[in-house]
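# Structure assessment
Listed below are the residues making up each chain.
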Amino acid sequence: FDTKTPKSVTNDPTSFASDSVRMRWPIILTGAVDDVYKTVSATEDAEKQAEGKKIIEQLGALKYEMLHDRQMTPLVEDGFSDETAAYNKELEQLGNPTWFQVPWLFSECYMYRRINTFFTTTRHWKSYDLFARQKIDSFRTSRNAVAELAARYEDIVTKIRADKNITHDSEAEKILFMEMCEVCLWGNATDLSLLTTMTYEDIQRLQGSEARKAAEKNILVNKLPQAYDLLNKARAAGKKERRVDFVLDNSGFELYVDLVLAGYLLNTGLATHIVLRPKSIPWFVSDVMPADFAALLSALANPKKFFEAPTEEETVAEKTPAPLSEKEAQSLSFVFQDWATQHGEGQLAIRPNRYWTAGGSFWRLPHEAPELYEDLKQAELVIFKGDLNYRKLTGDASWDPTTPFTEALGSMGAGSGVNVMSLRTCKADVVVDLPAGKDEELRALEGGGGDSGARKWAWSGKWAVVSLSEGK
Ligand code: F6P
Ligand code: MG
């Protein structure tokens, strides 16, 4: 079911895959050890401590195997035998590869699924999320952008409510739709698996509204007008239930901006229902799990308590954050009320599926997850957030960059019955849907890769693509 176009592999020295396995993942594993160590130190339960120490050893061993290019070992069965068997079958089909000689997409998924087995095979750590600390801390650090957007959201929603049934200006609505989608897009520039090379200050700089305006020219493909027309037409046709799905990516700030867009769609009636699709295990450091959604809502339920508490870094530096202003706290409460009501009324639902943490590309989705596929077909539009989802959609393959998006999606593209939109800041080698000559132009920029053979411009989240495939 996979594409015949060659996949990105860790032995290609010009790829970001090669960088990842040698530099980034070992750092992520070191961070994982630190996190578990902290929790072990804070526990009094001897059995939990002993299990925690074993997890630390396993994380260390995994890092060693990786750094020394050892063979990737089969996953142990941990209660989801179909899943582990599928990973192990793929290892076998790949000829039991070593870390530096393996398709990038599969090996990265394998790493997170393997880490998960260290926890799920214990008694006390089964549902422990080793990335939770970082996720919640990064949301705290986004507080300026969060407050700024809350005020904007309150303003827009209040106007929509006042205007209901008076004027229906679809040009204005379209412009706001594009703004909300762009907010949602750039929220993806800040995932934590790239944080190994970014400071919190860098992240804050990326999040403000001025930064967003300046970044508009960095959207290389922009199909937002077409996406708007699609939703607008379904509404005009009088269709009763019109669902938009979000295949989520990162928690914290990115989830917050996903909800900003979701709330906008519901308030305008561009959608009547939203389905959020999270991961079921800790994944690519910052990806959303159901508990992260709950944590975000509870932070907003009591914004002063949450945003005025120090982050770990501030605790160490003995700093306390400034209090929220009354206006900020009030806008945040408005946002919370709106989303809590939508959630309570079933318009905003969260629907997990373990398929999102399988090791393959979405070319396999219709075949491997037929029920999920049928469910996705029911939506007017399925928004895939972020880089990993884009890699999974396109098979993480070395396409000619001018290949049409629909073609690069294989069985999820033309004729699939699913309208797929990707909101992705580029953080990997694969890219499609570009106008002819664009890739060459970007490579020629400073730091773009030049004639090294590496597509370096596409690694840092500075550039973005918004592609649409009308599969219905
Ligand atoms: O490129 C770095 C990286 O960690 C990739 O390995 C992965 O595809 C991506 O970032 C995760 O980003 P996102 O959270 O946008 O899916
Ligand atoms: Mg992610």
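Shown above is the structure to which this text applies.
One structure accompanies this document, and this report is about it. (Residues numbered from 1 in each chain as written. Chains lettered and ligands numbered in written order. Predicted model: local features only at pLDDT ≥ 70, side-chain atom pairs only at ≥ 80, totals over all residues. Heavy atoms only, no water.)

### Things to note about the overall build of the chain
Looking only at helices and strands, one finds 20 helices and seven strands in the chain. Counting only C-alpha atoms, the chain reaches 65 × 55 × 45 Å along its principal axes. The buried share among the 472 residues of the chain stands at 58%. Of the roughly 19,600 Å² that the chain leaves accessible, carbon and sulfur atoms contribute 54%. If the 56 positive side-chain charges of the chain are averaged to one point and the 69 negative ones to another, these points end up 2 Å apart. (Helix = DSSP H or I, 4+ residues; strand = E, 2+ residues; numbered from the N terminus. Buried < 20%, exposed > 50% of the residue type's maximum accessible area, 1.4 Å probe, protein only. Areas by Shrake-Rupley, 256 points an atom, 1.4 Å probe, with all protein chains shown as cover. Lys, Arg positive; Asp, Glu negative; His and termini not counted. Charge placed at Lys NZ, Arg CZ, Asp CG, Glu CD.)

### Details of the side chain of Asn250
Locating Asn250 in the fold gives a position in the loop between strand E2 (243-247) and helix H11 (253-268). Within polar-contact distance, the side chain of Asn250 engages the side chain of Glu254 at 2.8 Å. Within the local environment of Asn250, its side chain forms a polar contact with the side chain of Ser286, the two groups lying 3.1 Å apart. (Polar contact = N/O pair within 3.5 Å; in protein donor to acceptor, adjacent residues only side chain to side chain.)

### Some remarks on the sheet that holds strand E3 (residues 273-277)
Read from one edge to the other, the open sheet built from seven strands follows the order E1-E7-E6-E5-E2-E3-E4, with strand pairing classed as mixed. Of all the strands in the sheet, the pair left with one neighbour each is strand E1 (219-222) and strand E4 (348-350). Taken pair by pair, the neighbouring strands of this sheet meet at an average axis angle of 15°, ignoring direction. Bridge analysis of E3 against E4 gives three bridges, and the strand direction is parallel. Looking across to E4, one finds that Ile274 is bridged to Leu348. (Pairing = 2+ DSSP bridges. Axes fitted to C-alpha atoms, helices over the stretch in contact; angles between N-to-C directions.)

### Structural notes on the nonpolar core
Formed by 79 residues in total, the largest nonpolar core has its most connected members in Val36, Trp99, Phe119, Leu365, Phe384, Met412 and Trp457. With 10 residues, helix H4 (residues 104-120) is the single largest residue contributor to this core. Leaving out residues up to four positions away in the same chain, Met412 has contacts with Phe362, Leu365, Pro366, Tyr373, Leu376, Phe384, Val418, Val420 and Ser469. Counting residues in each nonpolar core, the second largest holds 66 residues, with Tyr153, Phe253, Val260 and Leu332 among its members. (Core = buried A, V, L, I, M, F, W, Y, C linked by side-chain atoms within 4.5 Å. Contact = heavy atoms within 4.5 Å.)

### Description of the packing of aromatic side chains
Enumeration over the complete set of coordinates arrives at 26 aromatic pairs. Taken together through their ring pairs, the aromatic side chains of Phe139, Tyr153, Phe253, Tyr256, Phe306, Phe307 and Trp339 make up a single cluster. We note Arg22 situated over the ring of Phe100; from NZ or CZ to the ring centre the distance is 4.1 Å. Between the NZ or CZ atom of Arg391 and the centre of the ring of Trp104, over which it lies, the distance is 3.6 Å. (Phe/Tyr/Trp six-rings, centres within 6.5 Å; stacked < 30°, edge-to-face > 60°. Lys NZ or Arg CZ within 6 Å of the ring centre and 35° of its normal.)

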